[in-house]
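# Breakdown of the fold
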Amino acid sequence: MDVVKTNIAKLKGIVEIESNMGIGTIITLKVPLTLAIIQGLLLKVVDEIFAVPLSAVLEIVRITPEEIYSIQGREVIRVRDSILPLARMADIIGKTETAKRPVVSYVVIVGWAEKRIGLLVDSLQGQKEVVIKTLGDYLGDVPGIAGSTILGDGSVILVIDVGRFVELIARHYGRVA
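If you're wondering where the values come from, they're calculated on a predicted model, not measured in any experiment.

Taken as a whole and assessed by the stated rule, the structure comprises three salt bridges. A salt bridge links E16 to K30; the nearest nitrogen and oxygen atoms lie 3.5 Å apart. Of this pair, E16 sits in strand 1 (residues 14–20) while K30 sits in strand 2 (residues 24–30), placing them 14 residues apart in sequence. Notably, a salt bridge pairs R88 with E75, separated by 2.7 Å at the nearest N-O pair. With R88 in strand 8 (residues 82–88) and E75 in strand 7 (residues 74–79), the pair connects residues that are 13 residues apart, well separated along the chain. By relative accessible area, which is 13% here, R88 ends up buried. By relative accessible area, E75 is classed as partly exposed at 26%.

Averaged over all residues, the pLDDT of the protein chain is 83; the fraction at 70 or higher stands at 88%. Within the protein chain, strand 5 (residues 57–63) carries the highest mean pLDDT (94), whereas helix 3 (residues 136–139) carries the lowest (67).

Inspection of the secondary structure assignment puts I150 in strand 12 (residues 145–150). For I150, a relative accessible area of 60% gives the class exposed. Taking C-alpha positions, I150 is 9.1 Å from K133, a pair spaced 17 residues apart along the chain. Apart from residues lying up to four places away in sequence, I150 is in contact with S155 and V156.

On to a nonpolar patch on the surface, then. On the surface, M1, V4, L11, I17, I27, L29 and V31 cluster together into a nonpolar patch covering about 640 Å² of accessible area. Assignment of secondary structure puts V4 in helix 1 (residues 2–10).

Reading across the sheet, the six strands line up as 5-9-10-8-7-6 and stay open at both edges, with mixed pairing between neighbours. The open sheet has two free edges, formed respectively by strand 5 and strand 6 (68–71), since each of these has just one partner strand. Direction aside, neighbouring strands of the sheet carry axes that sit 40 degrees apart on average. Examined bridge by bridge, strand 7 and strand 8 share four bridges and lie antiparallel to one another. Directly across from V76, in strand 8, lies its bridge partner P85.

Rules used in this analysis
Starting from 1, residues in each chain are numbered consecutively following that chain's sequence as written. Owing to the predicted nature of the model, reporting of local features is limited to residues with pLDDT of at least 70; listing and counting of side-chain atom pairs is limited to 80 or more, with chain, interface and lining totals taken over all residues. Values reported for side chains reflect all heavy atoms of the structure, with hydrogen atoms and water molecules removed beforehand. By salt bridge we mean one thing: a side-chain nitrogen of Lys or Arg within 4 Å of a carboxyl oxygen of Asp or Glu. Strands are runs of DSSP state E lasting at least 2 residues, helices are runs of H or I lasting at least 4, and numbering of each runs from the N terminus. For the exposure calls, accessible area comes from a 1.4 Å probe over protein chains only, and a residue counts as buried if that area is under 20% of its type's maximum, exposed if over 50%, partly exposed in between. Confidence of the predictor in every single residue is expressed as pLDDT, which spans 0 to 100. Should any heavy atoms of two residues lie within 4.5 Å, those residues are counted as being in contact. For patches, a residue must show more than 30% relative accessible area and have no salt bridge; joins then use 9 Å for like charges and 5 Å for nonpolar side chains, namely Val, Leu, Ile, Met, Phe, Trp and Tyr. To be clear on the numbers: accessible area is Shrake-Rupley with a 1.4 Å probe, and residue cover counts the displayed protein chains and nothing else. By this definition, two strands are paired if DSSP reports at least two bridges between them. For helices, the axis comes from a line fit to the C-alpha atoms of the stretch in contact; other axes are also lines fit to C-alpha atoms, and the angle between any two N-to-C directions lies between 0 and 180 degrees.

Written out as structure tokens, the structure is:
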């Protein structure tokens with residue numbers, strides 16, 4: 001295991017070992033993306049566009065403001081027979097004051113392991129195959145961001161790391177579904 005840990009550390013990755021006597025051991029390897037090609041869903045939030053790996057998107061639903069509820073001060077939506085925590089992307093990126101509240105919004109339901117959360121976005125910009133490139137040493141590690149990509153028109157957009165993003169939201173807002 002020491003050799004594995006050393007080599008994963010060289011890649012700036014993490015090895016987590018969780019062992020319970022009589023139950024078993026869980027070994028988790030987290031390796032950062034250096035350069036990868038993924039199918040991404042492009043989301044528009046205020047005047048910014050982000051990409052979310054399509055593999056993490058579970059579902060997309062259209063909602064109106066009346067379909068957003070509040071439970072213990074936390075916004076949620078009802079999707080079929082379950083309650084799902086809601087995160088407003090405009091709030092997360094710090095553009096709440098410039099955000100116009102559209103009559104109809106989209107909630108992109110993303111999942112990581114057993115956790116699910118709804119991301120409230122202004123519009124969907126389509127699906128695109130994108131090349132993820134790390135942010136580099138200058139910007140370093142930005143929590144919740146896997147890297148960036150350049151669109152055909154030359155604009156640079158950020159690619160969301162859904163796993164870390166869900167962890168950050170859970171830490172900030174509390175439990176996620």
